[in-house]
Amino acid sequence: MTPVQRTVTKTLFALVMMVGFTVALVPLYDVFCNITGLNGKAASQPRAIVSGEVDESRYVTVQFITRTGSGLPWRLTALDRQVRVHPGQAYEVRFAFVNHGKVARRGRAVPSVSPSEASLHLRKITCFCFQEQRLQAGERLELPLMFQLSKDLPENVHTVTLAYTLYPAAEDQLSFSEIAPTQGGDA
């Protein structure tokens, strides 16, 4: 093998390794964040309520923020924008989904928690984010979120923000003409 062929072979090998590393990085990062709770990644499976004492000596404000990613003519709204909770006590809040599009679509709400250290102390018992939702054109659906902040939430955390971003299901990506909301709608 000539020196030029060796250089080309090594360069191609390095290129293949870099592409492979890039592809593997996203799932590895997600696993790392789910294990450590870093970057506000919240659990994607239901968890059981932890019974025990409620810390009635303090309140924590939990704020709910909703957004809709591009490609989905839906609106997700937190019916309670914020609640004050005692760590250790279970709470339920409700969210409304509305499909302003012209056809039935599927979407999924992806959560994130801020500050990231709070994600380790947030237990979601029931959540619409655990599965995809399907709404017919013009349909409105209310779903609950039941959660609990663990009693050992650090004392310096006074506010927890739970943000949900709504994305279309992978096979439900829309063309631009389908994204236009129906009369009076607001995507």
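Bear in mind that the values here come from a model prediction, so they are computed numbers and not experimental data. (Residues numbered from 1 in each chain as written. Predicted model: local features only at pLDDT ≥ 70, side-chain atom pairs only at ≥ 80, totals over all residues. Heavy atoms only, no water.)

## Some thoughts on the overall build of the protein
Formally: Secondary structure elements follow DSSP: runs of H or I no shorter than four residues count as helices, runs of E no shorter than two count as strands, and numbering proceeds from the N terminus. A simple rule labels every residue: compare its accessible area, found with a 1.4 Å probe on the protein chains alone, to the largest value its type can have, and call it buried under 20%, exposed over 50%, or partly exposed in between. Every residue pair with non-hydrogen atoms within 4.5 Å of one another is taken to be in contact. Method for areas: the Shrake-Rupley scheme with a 1.4 Å probe, in which residue coverage is limited to the protein chains shown.
From N to C terminus, the protein includes two helices and nine strands. Among the 187 residues that make up the protein, the fraction classed as buried is 37%. Taking all contacts inside the protein whose residues are at least 6 apart in sequence as the whole, residues at least 24 apart take part in 77%. For the protein, the accessible area works out to roughly 10,900 Å², and carbon and sulfur atoms hold 58% of it.

## A few points about unusual backbone geometry
The omega torsion of the bond from Ser114 to Pro115 falls at -5 degrees, within 30 degrees of zero and hence cis. Tracing the chain through its elements places Pro115 in the loop between strand S5 (105-114) and strand S6 (122-126).

## Comments concerning the sheet that holds S5
Whenever strands of a sheet pair, they do so through backbone hydrogen bonds, lying parallel or antiparallel. Under the convention used in this document: Here, a strand pair is defined by DSSP locating no fewer than two bridges between the strands. Orientation is described by lines fitted to C-alpha atoms, with helices fitted over the stretch in contact, and by angles between N-to-C directions that extend from 0 to 180 degrees.
Read from one edge of the open sheet, five strands run S3-S1-S9-S5-S7, paired in mixed fashion. This sheet does not close on itself; its edge strands, each paired only once, are strand S3 (82-85) and strand S7 (133-135). The average angle at which neighbouring strand axes cross in this sheet is 30 degrees, direction not considered. Where strand S1 (residues 60-68) and strand S9 (residues 159-168) come together, eight bridges link them in parallel fashion. Of the residues in S9, the one forming a bridge with Val62 is Val160.

## Some remarks on the side chain of Asn99
The line we're drawing: Counted as a polar contact is a pair of N or O atoms within 3.5 Å, where, for protein atoms, one must be capable of donating a hydrogen and the other of accepting one, and residues adjacent in sequence contribute only when both atoms are in side chains.
Here Asn99 lies in strand S4 (residues 90-99). The class for Asn99 is buried, based on a relative accessible area of 1%. At 2.7 Å, the side chain of Asn99 and the backbone nitrogen of Gly101 are in polar contact. In this structure the side chain of Asn99 is engaged in a polar contact, spanning 3.1 Å, whose partner is the backbone oxygen of Leu135. Non-local contacts of Asn99, meaning those with residues more than four positions away in its chain, are made with Pro73, Trp74, Ala104, Arg105, Leu135, Gln136, Ala137, Gly138 and Glu139.

## Brief notes about the pairing of strand S8 (residues 140-149)
As judged from the nine bridges shared by S4 and S8, these two strands associate in the antiparallel manner. Looking across to S8, one finds that Phe97 is bridged to Leu141.

## Some thoughts on the nonpolar core
As a reminder of what qualifies: Take the buried residues of types Ala, Val, Leu, Ile, Met, Phe, Trp, Tyr and Cys, join any two whose side-chain atoms come within 4.5 Å, and each joined set is a nonpolar core.
Grouped together as the largest cluster of nonpolar side chains are 32 residues, with contacts concentrated most on Phe64, Phe95, Phe128, Leu145, Phe147 and Tyr164. Elements that contribute at least two residues to this core include exactly S1, strand S2 (74-78), S3, S4, S5, S8 and S9. The residues touching Phe95, leaving out its near neighbours within four places in the chain, are Phe64, Thr66, Leu76, Thr77, Ala78, Leu79, Phe128, Leu141, Glu142, Leu143, Leu145 and Tyr164.

## What about the pattern of salt bridges?
So the rule is basically this: A carboxyl oxygen of Asp or Glu within 4 Å of a side-chain nitrogen of Lys or Arg is what we treat as a salt bridge.
The tally for this structure, following the rule as stated, stands at six salt bridges. Residues Arg140 and Glu142 are paired through a salt bridge, measuring 2.8 Å at the closest nitrogen-oxygen approach. One network of salt bridges, with partners in common, ties together Glu92, Arg94, Arg140 and Glu142.

## Some details on the pairing of S3
Side chains Val83 and Val85 project from S3 onto a buried face, and the interleaved Gln82 and Arg84 project onto a face without burial. Relative to S3, S1 runs antiparallel, the two sharing four bridges. Bridge assignment links Val62 to a residue of S3, and that residue is Val83.

## Structural notes on the sheet that holds S4
Pairing is antiparallel in the open sheet, where four strands are placed in the order S2-S4-S8-S6. In this open sheet, the two strands that pair with only one neighbour each are S2 and S6. Pairwise comparison of adjacent strand axes, ignoring direction, gives a mean angle of 30 degrees for this sheet. As paired elements, S2 and S4 share five bridges and run antiparallel to each other.

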